[in-house]
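Tertiary structure, described
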Amino acid sequence: MYDHDNIFAKILREEIPCNKVHEDEHSLFFHDINPQAKIHILGIPKFPCIDYYEFISVADEKTLIAFFNSVNYVIQKLDIKKSGFRIISNSGEHGGQEVPHFHVHILAGEKIGSLV
Ligand code: AMP
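Residues numbered from 1 in each chain as written. Predicted model: local features only at pLDDT ≥ 70, side-chain atom pairs only at ≥ 80, totals over all residues. Heavy atoms only, no water.

**Description of the site of the ligand**
The line we're drawing: The criterion for a residue being near a molecule or strand is simple. One of its heavy atoms has to lie within 4 Å of it. Counting of polar contacts relies on pairs of N or O atoms within 3.5 Å, with two restrictions inside protein: one atom must be capable of donating a hydrogen and the other of accepting it, and residues adjacent in sequence are counted only when both atoms are side-chain atoms. Runs of E in the DSSP output that reach at least two residues are strands. Runs of H or I that reach at least four are helices, and both are numbered from the N terminus.
Around the ligand sit 16 residues, and of these Asp32, Asn90, Glu98, His103 and His105 come closest. At 3.1 Å from a nitrogen atom of the ligand is found a main-chain nitrogen or oxygen belonging to Ile33. Residue Gly96 places a main-chain N or O atom 3.1 Å away from an oxygen atom belonging to the ligand. For the shell around the ligand, the secondary-structure elements that each account for two or more residues are helix H1 (7-12) and strand S2 (27-31). At three residues, the largest contribution of residues to the shell around the ligand is made by H1.

As structure tokens, this is what we get:
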């Protein structure tokens, strides 16, 4: 069950601030408060859903495409396409997810350490 009081829901309702990179009808991108790389952006859909699996399962195609197109837009805006980046989405306990609103981490700006 989606928790409407999670921190990203509060950011979407502008109850707490964020350092915004991009916002459009379907999505919001902002700097992670505890960056793990020189560039560490979080991208969230405005659609309330817990994780990647739920987003893909429940959101309609237009919402899905709009969100991932916005990820591409941000990659272009940050000028990290050529140098490279890593996109991560944690889910659940084993995935190490802290905030239960689907989000992607976009890590870039330096060589990201190997995990997989
Ligand atoms: P995850 O572990 O995938 O759920 O990642 C949650 C991320 O949200 C972590 O990298 C946190 O540093 C980040 N975070 C938590 N609160 C905030 C906030 N208020 N503004 C920006 N980033 C946040």
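Moving on from the model shown.
**Side note on the environment of Asn19**
Put simply, the test is: Any two residues whose heavy atoms approach within 4.5 Å at even a single point are treated as in contact.
Tracing the backbone through its elements, the reader meets Asn19 in the loop between H1 and strand S1 (20-23). Separated by 14 residues in the primary sequence, Asn19 and Ile33 have C-alpha atoms spaced 8.5 Å apart. Sequence-distant contacts of Asn19, that is, excluding residues within four places in its chain, are made with Phe29, Phe30 and His31.

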